[in-house]
Amino acid sequence: QVQLVESGGGLVQAGGSLRLSCAASGSIFSINAMGWYRQTPGKQRELVAGITSGGSTNYADSVLGRFTISRDNAKNTVYLQMNSLKPEDTGVYYCNADIVTFLRGRKVYWGQGTQVTVSS
């Protein structure tokens, strides 16, 4: 059984920073791409940032230059450093990972979500 456990969300004022973490655990053979998605009420879940196993990254235009995604492969953990936060960054942030396990092969897993609220 694979679990993705997120942490680091919270309430912050506009212009502030937060750092999200997501740790994968279980019978993991390897992890391919990992990413962070955001969902706000009435909208579809959208990709915020992604990172490949080799470290290549991509970002949504709305967060480019403000957010940085990184990963620690030894810890099976992905991070999202969020700077210069804006009220429109408010939402539930979900971690996502493309994981190969010994029992189930390759599958995409999701975390439970962590709330980020940016006040104006």
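Residues numbered from 1 in each chain as written. Predicted model: local features only at pLDDT ≥ 70, side-chain atom pairs only at ≥ 80, totals over all residues. Heavy atoms only, no water.

J.: I'd like to hear about the nonpolar core, residue by residue, with values.
T.: W36, L80, M82, Y93 and I99 are the most contacted members of the largest nonpolar core, which totals 29 residues. Only β3 (18-25), β4 (28-39), β5 (46-51), β7 (67-72), β8 (77-82), β9 (91-101) and β11 (114-119) provide two or more residues apiece to this core. (Core = buried A, V, L, I, M, F, W, Y, C linked by side-chain atoms within 4.5 Å. Buried < 20%, exposed > 50% of the residue type's maximum accessible area, 1.4 Å probe, protein only. Helix = DSSP H or I, 4+ residues; strand = E, 2+ residues; numbered from the N terminus.)

J.: Would you mind going over a nonpolar patch on the surface in detail, with residue names and values included?
T.: A contiguous nonpolar surface patch, about 430 Å² in accessible area, is contributed by F29, F102 and L103. F29 gets classed as exposed once you look at its relative accessible area, which sits at 56%. (Patch = residues over 30% accessible without salt bridge, like charges linked within 9 Å, V, L, I, M, F, W, Y side chains within 5 Å. Areas by Shrake-Rupley, 256 points an atom, 1.4 Å probe, with all protein chains shown as cover. Salt bridge = Lys/Arg side-chain N within 4 Å of Asp/Glu carboxyl O.)

J.: Quick one: what's the story with the state of the cysteines, residue by residue and with numbers?
T.: For the structure shown, the criterion picks out 1 disulfide. The disulfide that involves C22 links it to C95, with 2.1 Å between the sulfurs. Measuring the twist about the S-S bond at about -75 degrees, one finds the C22-C95 disulfide to be left-handed. Here the residue C22 occupies a position in strand β3, and C95 occupies one in strand β9, the gap between them amounting to 73 residues. We classify C22 as buried; its relative accessible area is 0%. (Disulfide = S-S within 2.5 Å.)

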